[in-house]
Amino acid sequence: MAIAQGILDIALNTAAQNDATKILRVSLLVGQLTEIEPASLRFCFTALAADTPAAGAELEVTVVPLTGRCRDCGGEFAIDHYRFYCPECNSAAVEILSGRELKVEHLEVE
Amino acid sequence: MEIKVMANILDKNDQIANHVHHRLSGQGIFVLNLMGSPGSGKTSLLEQTIAALKEEIHIAVIEGDLFTSKDAERIEGHGVPVIQINTGGGCHLDADMVQSVLDRLDLDKLDLIVIENVGNLVCPAEFNIGEDVKVTVLSITEGEDKPLKYPLIFKQASAVVLNKTDLLPYTSFNMQAAVEDITSLNPHVTLLPVSCRTGEGLTVWYDWLKEQVAAKKQLKAVNAACK
Ligand SMILES: Nc1nc2c(ncn2[C@@H]2O[C@H](COP(=O)(O)OP(=O)(O)OP(=O)(O)O)[C@@H](O)[C@H]2O)c(=O)[nH]1
Ligand SMILES: [Mg+2]
Ligand SMILES: [Zn+2]
């Protein structure tokens, strides 16, 4: 619910700044390593957006896969099965490159 | 018309969390966000910890709960300051809720604030609340499959407490699989098997916690000296 409210706030503010009166679509980037369930997010968003310029807006979710970089050998790779070891050198010094996103990417307005 | 936005949805919460963290760090207070499933033993662990350490460490507790003050009453019984936050059905604490109660604590007198989050393996993991570390409690009765089902909360944790080890003989919990999954997700995690019932393993947890609190105090002293 709090995340849906965050999305709505960003969408409404951005629309107002751009003198838009209606929000048609909100596109999100959601990392694989987040606890977001698109169906329940849509449900909450639709409920909150009623009676706002975002009423009826479509929530488009693009899932960003989990990838990492090894700080020891510099290798970049997909992180499968949440295994945070480098597949090249087996180092545990793996930083997340993508997969933690929770972003409003763009809006379609009129 | 299409508008490019690229805004972080949790920005507002993270900003408040940074304020909270900054304020408490300035006082040298170590802040722990205690998370885990309903019934995993968060309050039990806290009660044991307070009973064991309250003479050495000045502890205060913030209790997040959906509707009740049951946990806060349990903590109150141990004679340390406790503040109740009811989320009114909200499944996690956020930084604003924590910020809004800070003035009710006598911060000059504290070394450690433990914030017991709402029992839930999902949402609390996404919301920073100004903590230094997150600690996740997983109890033996929940099953060893939980880390890979709810990876974020185990990835974010500095320490994972595996509670209710007294029940190991009565369950099919596979400790080796649990340890492998958690360390594969989070290679630098501290794993602490304990039983709040028998006391097994608790001294290792106390030592870990005391070390964190001491390190925070030292950091404050260093910062003060360098000013
Ligand atoms: N056998 C056994 N039972 C335990 C242990 N630790 C806690 N319990 C029991 O587990 C139940 C739940 O413990 P709590 O400490 O209330 O759990 P919690 O995580 O604070 O629960 P919520 O705040 O409701 O999410 C209680 O009945 C405890 O007595 C343990 O190490 N062994
Ligand atoms: Mg509790
Ligand atoms: Zn490597």
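All figures in this text were calculated on a predicted structure; none of them were measured in a lab.

Asker: Break down the overall build of chain A for me, citing the residues and quoting the values.
Answerer: The helix and strand tally for chain A stands at two helices and six strands. In chain A, the succession of α and β elements from N to C terminus is α-β-α-β-β-β-β-β. In terms of overall dimensions, chain A is more spread out than a globule: its C-alpha atoms have a radius of gyration of 18 Å, far above the 13 Å expected for 110 residues. With the C-alpha coordinates of chain A rotated into their principal frame, the extents come out at 55 × 25 × 15 Å. Expressed as a percentage of the 110 residues in chain A, the buried residues total 47%.

Asker: I'd love a proper account of the pattern of salt bridges, names of residues and values included.
Answerer: Per the counting criterion, the structure on display carries 17 salt bridges over all chains. For B:K210, the salt bridge identified is with B:D207, shortest N-O distance 3.9 Å. Taken together, the positions of B:K210 and B:D207, both in helix α8 (residues 202–225) and three residues apart, correspond to about one turn of that helix. Exposure remark for B:K210: the relative accessible area of 27% places this residue in the partly exposed category. Sharing partners across several salt bridges, the network here consists of A:R69, A:R71, A:E76 and A:E95.

Asker: Tell me about the site of ligand 1, residues and numbers included.
Answerer: Residue and element names in this part refer to chain B. Around ligand 1 sit 19 residues, and of these K42, T43, S44, D166 and C196 come closest. Between N163 and ligand 1, the recorded distance is 3.1 Å, taken from a side-chain N or O atom to an oxygen atom. Contact with the protein chains removes 74% of the 650 Å² of surface that ligand 1 exposes when unbound. Secondary structure elements with two or more residues in the shell around ligand 1: α2 (42–53) and α3 (70–76). With three residues, the top contributor of residues to the shell around ligand 1 is α2. The residue makeup of the shell around ligand 1, split by class, is three nonpolar, nine polar and seven charged.

Asker: Please provide a residue-by-residue account of the confidence of the model for chain B, values included.
Answerer: In the predicted model, chain B carries a mean pLDDT of 97, and 100% of its residues have values of at least 70. Interface confidence for the predicted complex, given as ipTM, is 0.92, next to a pTM of 0.96.

Asker: So what's going on with the sheet that holds strand β1 (residues 23–31) of chain A? Which residues, and what values?
Answerer: Reading across the sheet, the four strands line up as β2(A)-β1(A)-β6(A)-β1(B) and stay open at both edges, with mixed pairing between neighbours. Each having just a single partner strand, β2 (58–64) of chain A together with β1 (2–8) of chain B make up the two edges of the open sheet. When the angles between neighbouring strand axes are averaged without regard to direction, this sheet yields 20°. With five bridges connecting them, strand β6 (residues 102–109) of chain A and β1(B) associate as antiparallel partners. When the sheet's bridge partners are listed, A:V104 is paired in β1(B) with B:A7. Contacting β1 and β2 of chain A, helix α2 (residues 38–49) of chain A crosses the sheet at an angle of about 150° to β2(A).

Asker: Quick rundown of the nonpolar core? Include the residues and the values.
Answerer: A:I3, A:I7, A:V26, A:L28, A:F45 and A:V104 are the most contacted members of the largest nonpolar core, which totals 31 residues. Elements that contribute at least two residues to this core include exactly α1 (2–17), β1, α2, β2 and β6 of chain A together with β1 of chain B. Not counting chain neighbours up to four residues away, the residues in contact with A:V26 comprise A:I7, A:A11, A:F45, A:E58, A:L59, A:E60, A:V104, A:H106 and A:L107.

Asker: Please set out the coordination of the magnesium ion (ligand 2) residue by residue, giving values where relevant.
Answerer: Residues and elements named next belong to chain B. In the first shell of the magnesium ion (ligand 2), the protein supplies T43 (OG1), D71 (OD) and E116 (OE), at 2.0 to 2.1 Å from the metal. For the magnesium ion (ligand 2), the donor residues sit on a single chain with the sequence spacing T-x27-D-x44-E. Of this pair, D71 sits in helix α3 while E116 sits in strand β5 (residues 112–116), and the two are 45 residues apart along the sequence. No difference in accessibility class separates D71 from E116, as the two residues are buried.

Conventions adopted
Residues numbered from 1 in each chain as written. Chains lettered and ligands numbered in written order. Predicted model: local features only at pLDDT ≥ 70, side-chain atom pairs only at ≥ 80, totals over all residues. Heavy atoms only, no water. Helix = DSSP H or I, 4+ residues; strand = E, 2+ residues; numbered from the N terminus. Rg over C-alpha atoms; globule rule 2.2 N^0.38 Å. Buried < 20%, exposed > 50% of the residue type's maximum accessible area, 1.4 Å probe, protein only. Salt bridge = Lys/Arg side-chain N within 4 Å of Asp/Glu carboxyl O. Near = heavy atom within 4 Å. Polar contact = N/O pair within 3.5 Å; in protein donor to acceptor, adjacent residues only side chain to side chain. Areas by Shrake-Rupley, 256 points an atom, 1.4 Å probe, with all protein chains shown as cover. Nonpolar A, V, L, I, M, F, W, Y, C, P; charged D, E, K, R; others polar. pLDDT = per-residue confidence, 0-100. Pairing = 2+ DSSP bridges. Axes fitted to C-alpha atoms, helices over the stretch in contact; angles between N-to-C directions. Contact = heavy atoms within 4.5 Å. Core = buried A, V, L, I, M, F, W, Y, C linked by side-chain atoms within 4.5 Å. Donors = N, O, S within 2.8 Å, 3.2 Å for Na, K, Ca; no water.

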